[in-house]
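# Commentary on secondary and tertiary structure
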Amino acid sequence: MSDTIKLHYTVSTEDFTRAGEASGDVKRKLKQMGSSPEVVRKVAIAMYEGEINMVIHANGGTIDVEITPEEIQMVLQDSGPGIADVEKAMQAGYSTAPDRVRALGFGAGMGLPNMKQYSDEMKIETTIGVGTKVTMKVFQT
């Protein structure tokens, strides 16, 4: 791999048919670039979970991905309601997803826990009524 690659995606609100397009695109690019299968898997899962959270909870948003030979950084930014209790939201199984979303098979409360599990670093910045910014990194080495 050489140099830095920057990618930008827009995530639509409540569009479950397109949810996963950004993470799928990054997965394909990482495979083409020769990233290890473990790195590709971690990035794909962490980013997909974040993407789904944006669709369910945050009226969509943007994802900026920066790929270097050392790491993949994903910055997910939304202007949703914010996360009222980050500690609680990090607990496996805790969900504020509405029943209509759960009926579609989403909202099991594993989004943030999976994002943390499959990234090497994760930082959440959230303000109620303003939105949330999640920065995740997966190291290539």
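Refer to the structure presented above.
For clarity, every value in this text was computed on a predicted model and none was experimentally measured.

So, on to the pattern of salt bridges. Within the structure shown, the criterion is met by seven salt bridges. As a salt-bridge pair, Glu66 and Lys6 come within 3.7 Å of each other at their nearest N and O atoms. Here the residue Glu66 occupies a position in strand 2 (residues 61-67), and Lys6 occupies one in strand 1 (residues 5-11), the gap between them amounting to 60 residues. Using a relative accessible area of 65% as the deciding quantity, one classes Lys6 as exposed. Here Arg18 makes a salt bridge to Glu21, at a shortest N to O gap of 3.1 Å. Residue class for Arg18 comes out partly exposed when judged on its relative accessible area of 41%. Owing to a relative accessible area of 40%, Glu21 belongs among the partly exposed residues under this scheme. Linked through salt bridges whose partners overlap, the residues forming this network are Asp25, Arg28 and Lys29.

A few words now on the pairing of strand 5 (residues 131-139). Here seven bridges tie strand 3 (residues 71-77) to strand 5, and the two strands are oriented antiparallel to one another. For Gln77, the partnering residue across the bridge sits in strand 5 and is Lys133. The hairpin turn running from strand 4 (residues 121-127) into strand 5, its antiparallel successor, is three residues long, and Gly129 in that turn takes a positive phi close to 80 degrees.

What follows is about the sheet that holds strand 4. Taken together, five strands build an open sheet; the order of strands is 1-2-3-5-4 and the sheet is antiparallel. At either end of the open sheet lies a strand with only one pairing partner, and these are strand 1 and strand 4. For this sheet, the mean angle separating the axes of adjacent strands, direction not counted, is 10 degrees. Direction of pairing for strand 2 relative to strand 3: antiparallel, over a ladder of six bridges. Bridged to Thr62 within strand 3 is Gln77. Those strands touched by helix 1 (residues 21-33) are strand 1, strand 2 and strand 3, and its axis lies near 160 degrees from that of strand 1. This element, helix 2 (residues 37-57), spans strand 1, strand 2, strand 3 and strand 5 of the sheet and lies at about 5 degrees to strand 3.

Cut-off values and rules
- Residues numbered from 1 in each chain as written.
- Predicted model: local features only at pLDDT ≥ 70, side-chain atom pairs only at ≥ 80, totals over all residues.
- Heavy atoms only, no water.
- Salt bridge = Lys/Arg side-chain N within 4 Å of Asp/Glu carboxyl O.
- Helix = DSSP H or I, 4+ residues; strand = E, 2+ residues; numbered from the N terminus.
- Buried < 20%, exposed > 50% of the residue type's maximum accessible area, 1.4 Å probe, protein only.
- Pairing = 2+ DSSP bridges.
- Axes fitted to C-alpha atoms, helices over the stretch in contact; angles between N-to-C directions.
- Contact = heavy atoms within 4.5 Å.

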